[in-house]
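Per-entry structural report
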Amino acid sequence: ALGRMTPPEQLATVRPVLEDKVEQSEATKNWDEMAAAYREMLEIWPDDPEASEGLVRSIWQKAQAALSGGSDEAAAEREARALASSLKELKPLAKRSAAVPDVFEALGHLSLARAVRLANTRRLGEAMLMAEQALAACDGWEKALEVKEQLSALMNQLREHVAELKAEVARRANAQLSPEG
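Overview of the structure. (Residues numbered from 1 in each chain as written. Predicted model: local features only at pLDDT ≥ 70, side-chain atom pairs only at ≥ 80, totals over all residues. Heavy atoms only, no water.)

1. Topic: the overall build of the chain
The helix and strand inventory of the chain stands at seven helices and zero strands. Walking the chain from its N terminus toward its C terminus, one meets helices and strands in the order α-α-α-α-α-α-α. Taken against the 2.2 N^0.38 rule, which gives 16 Å for 181 residues, the C-alpha radius of gyration of the chain at 22 Å runs more than 25% over that of a compact globule. Projecting the C-alpha coordinates of the chain onto the three principal axes gives extents of approximately 85 × 30 × 25 Å. Buried residues in the chain amount to 33% of all 181 residues. Restricting the contact set of the chain to residue pairs at least 6 apart, pairs at least 24 apart contribute 50%. A total of about 11100 Å² of accessible surface is found on the chain, and carbon and sulfur atoms cover 53% of it. (Helix = DSSP H or I, 4+ residues; strand = E, 2+ residues; numbered from the N terminus. Rg over C-alpha atoms; globule rule 2.2 N^0.38 Å. Buried < 20%, exposed > 50% of the residue type's maximum accessible area, 1.4 Å probe, protein only. Contact = heavy atoms within 4.5 Å. Areas by Shrake-Rupley, 256 points an atom, 1.4 Å probe, with all protein chains shown as cover.)

2. As for the pattern of salt bridges
If you walk through the whole model with that rule in mind, you get 15 salt bridges. Residues Arg122 and Glu73 are paired through a salt bridge, measuring 2.4 Å at the closest nitrogen-oxygen approach. Taken as a pair, Arg122 in the loop between helix H5 (101-120) and helix H6 (124-137) and Glu73 in helix H4 (residues 73-96) lie far apart in primary sequence, 49 residues in all. Relative accessible area serves as the criterion here: at 64%, Arg122 is assigned to the exposed category. Here Glu73 falls in the partly exposed class, since its relative accessible area comes to 35%. One salt bridge in this structure joins Glu146 and Lys143, with 3.9 Å as the shortest N-O distance. With Glu146 and Lys143 both in helix H7 (residues 142-171) and three residues apart, the pair spans about one turn of that helix. (Salt bridge = Lys/Arg side-chain N within 4 Å of Asp/Glu carboxyl O.)

3. With respect to H6
An α-helical turn contains 3.6 residues, so any two residues separated by three or four positions project in the same direction. Spanning 14 residues, H6 covers 20 Å between terminal C-alpha atoms, matching the ideal 20 Å at 1.5 Å per step. Contact partners of the buried residues in H6: H4, H5 and H7. (Expected span 1.5 Å × (residues − 1).)

4. Remarks on the nonpolar core
One finds Tyr38, Met41, Leu55, Leu90, Leu93 and Leu151 to be the most contacted residues of the largest nonpolar core, which totals 41 residues. Contributions of two or more residues to this core are made by helix H1 (7-28), helix H2 (31-44), helix H3 (49-66), H4, H5, H6 and H7. Looking at this core, the element that brings in the most residues is H5, giving nine residues. (Core = buried A, V, L, I, M, F, W, Y, C linked by side-chain atoms within 4.5 Å.)

5. Here's the deal with the side chain of Arg114
Mapped onto the elements of the fold, Arg114 is located in helix H5. The side chain of Arg114 is buried and forms no salt bridge, while Glu126, the nearest opposite charge, is found at 4.4 Å. Apart from residues no more than four positions distant in its own chain, Arg114 is found in contact with Ala80, Leu83, Ala84, Leu87, Arg123, Glu126 and Met130. (Lys, Arg positive; Asp, Glu negative; His and termini not counted.)

6. Digging into the environment of Gln10
By the secondary structure assignment, Gln10 is in helix H1. In sequence terms Gln10 and Thr121 are 111 residues apart; their C-alpha atoms lie 49 Å from each other.

Function cannot be read off these values alone, since they describe shape.
This is the structure we're talking about:
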């Protein structure tokens, strides 16, 4: 039935239904449902900046809701996965909706948040990549530069520690390096 409607008819009949869905989803904090409503709008009106901005906002809210603030490694791993999922949803929007500046800011902030979570799981190489992506999305962002410097320092410490371990193993005649150290 939608295909037989004229664009003004679609705007008059379908848009209010989808906007109600967005309002209900936002009120109940159902970010997936809110994103689905905005995706439906973008299928009908692909160049709608409000729908693009709303989709970015819903993905952002979903990512923020997934951050528990836990300090243990398991929490960091869960949060890193949730952030990866949100970033995966945002990246196509950056290509398609370059006119929506919020998408790049969201990409930068979520990439940096994921960099920190990855560092907390001792995955420094992946963390550095995320920090670089944050800088690519938000050029010259001071906080991203600071995190990148901290990651570089951690990576240097790790290299030094590995070199020390290798030297210690070399000093012992029958010693071998095992996964446990």
